[in-house]
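Coordinate analysis (summary)
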Amino acid sequence: MEAFDNFWAVYSNLVLTLGTNALLALSIYLTLSCGMLAMANAAFMGIGAYAAALLTMNFDAPFALALAGGMAAPALAAFAIGQPTLRLSGVYLAMATLAFGEVVRIAILNTESVTGGALGLNGIPPSTQWWHVALGLALVLLGLWRLNRSRIGRAFEAIKEDDTAAGLMGIDVAGHKLLAFVLGAMIAGLAGALNAHLTFFIGPNEYGFDRGVEILTMAILGGINGLLGPVLGAVTLTLLPELLRSLNDFRLVINGLILVLIVLFLPQGVWDPVRLRQWFKRQGGRA
């Protein structure tokens, strides 16, 4: 028990960060599963983090209410920008959502009296406990699992394969894309709210372009063929720098090399059910 206490004292933040990163990867998985390359998840995370932190710090809101506010604020923002933005596709949608992220960052910088500007917000109450992250991740996984097996999930898959054909089949393509976009924003906002009350400090530079690329990388690296893929990608991308810390100056080089090898030899991501089934069949044939 003492060994576990010592481990938790040192690595508790890392373990909880694994959970929040998994939520972020799942948030972009949701939009990717509907065929949208939207890069606004870092901005939605920032909106959720600031909304929850301001509710806690300025209004003494209960933690549950702060989390609800952290999910509602980015959902409203996603609904507002989704109507015109989601008419775009591919790289144009990515560019538009990246521009939205930059707008959010500049807005935070220029509302210093509310957000702290470039200095950020410090002294956020440390309300996030391990079970908050675990419960949030479990509920999101359960919700997405049910969604994937529902009529809406099948519509998402049809839109991803061919949105024109899906429209001809009677599927409301624009409505389903907006739904995926808003739900993804809510999950990213939840991750931001939990993270803000874990790290005690947030700043605008935490939610910029680099964070957006990191979120996308977690999902692609893990694989978007199932819910386990983004989670595995988040775990891999979060743990690798820590596991390689002893390599000092070579840490980032080895980290990048490992990621390149994964992309080259596992093009569908770490979690690829088709490849795994084929591997098990070969193993069964040899036996």
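Attention here is on the structure that accompanies the text. None of the values given here were measured: they were computed from a predicted structure. (Residues numbered from 1 in each chain as written. Predicted model: local features only at pLDDT ≥ 70, side-chain atom pairs only at ≥ 80, totals over all residues. Heavy atoms only, no water.)

Here's the deal with the overall build of the protein chain
Helices and strands together make up the secondary structure of the protein chain, namely 13 helices and 2 strands. The C-alpha radius of gyration of the protein chain comes to 20 Å, within 12% of the 19 Å expected for a compact globule of 287 residues. If you line up the protein chain on its principal axes, its C-alpha atoms span 60 × 55 × 35 Å. Of the contacts formed within the protein chain by residues at least 6 apart in sequence, a portion of 77% connects residues at least 24 apart. Of the roughly 14900 Å² of accessible surface on the protein chain, a fraction of 66% belongs to carbon and sulfur atoms. Taking the average location of the 16 positive side-chain charges in the protein chain and that of its 16 negative ones, the two points are 13 Å from each other. (Helix = DSSP H or I, 4+ residues; strand = E, 2+ residues; numbered from the N terminus. Rg over C-alpha atoms; globule rule 2.2 N^0.38 Å. Contact = heavy atoms within 4.5 Å. Areas by Shrake-Rupley, 256 points an atom, 1.4 Å probe, with all protein chains shown as cover. Lys, Arg positive; Asp, Glu negative; His and termini not counted. Charge placed at Lys NZ, Arg CZ, Asp CG, Glu CD.)

Here's the deal with the environment of Phe7
Inspection of the secondary structure puts Phe7 in helix H1 (residues 2-32). Overall, the relative accessible area of 39% leaves Phe7 in the partly exposed class. Setting aside anything within four residues of it in sequence, one finds Phe7 in contact with Ser12 and Val15. (Buried < 20%, exposed > 50% of the residue type's maximum accessible area, 1.4 Å probe, protein only.)

Things to note about helix H7 (residues 151-161)
Because each turn of an α-helix spans 3.6 residues, side chains separated by three or four positions in sequence point in the same direction. All of the buried residues in H7 are Gly153, Ala155, Phe156 and Ile159. Buried positions in H7, seen along its axis, are confined to an arc of 160° and lie on one side of it. Opposite the buried face of H7, by more than 90 degrees, sit the exposed residues Arg151, Arg154 and Glu161. Tucked inside the fold, the buried residues of H7 contact H1, helix H6 (130-148), helix H8 (163-168) and helix H9 (173-199). For H7, the capping residue at the N-terminal end is Ser150, with a side-chain oxygen 3.3 Å from the backbone nitrogen of Ile152. (Arc of directions from axis to C-beta. Polar contact = N/O pair within 3.5 Å; in protein donor to acceptor, adjacent residues only side chain to side chain.)

Regarding a nonpolar patch on the surface
On the surface, a nonpolar cluster with roughly 520 Å² of combined accessible area is contributed by Leu257, Val260, Leu261, Leu264 and Phe265. Tracing the backbone shows Leu264 in helix H12 (residues 251-265). (Patch = residues over 30% accessible without salt bridge, like charges linked within 9 Å, V, L, I, M, F, W, Y side chains within 5 Å. Salt bridge = Lys/Arg side-chain N within 4 Å of Asp/Glu carboxyl O.)

Notes on the pattern of salt bridges
Using the criterion set out here, one finds 3 salt bridges in the structure. Across the pair Glu102 and Arg105 runs a salt bridge whose closest N-O atoms are separated by 2.6 Å. Taken together, the residues Glu102 and Arg105, both in helix H4 (residues 90-110) and 3 residues apart, mark about one turn of the helix. Judged by relative accessible area, Glu102 falls into the partly exposed class, the value being 34%. Across the pair Lys177 and Asp163 runs a salt bridge whose closest N-O atoms are separated by 3.5 Å.

Structural notes on unusual backbone geometry
Backbone geometry places Asp60, a non-glycine residue, at a positive phi of 50°. If you trace the backbone, Asp60 turns up in the loop between helix H2 (41-59) and helix H3 (63-85). Of note, the phi angle at Phe200 is positive, near 70°, even though the residue is not glycine. Inspection of the secondary structure assignment puts Phe200 in the loop between H9 and strand S2 (201-202).

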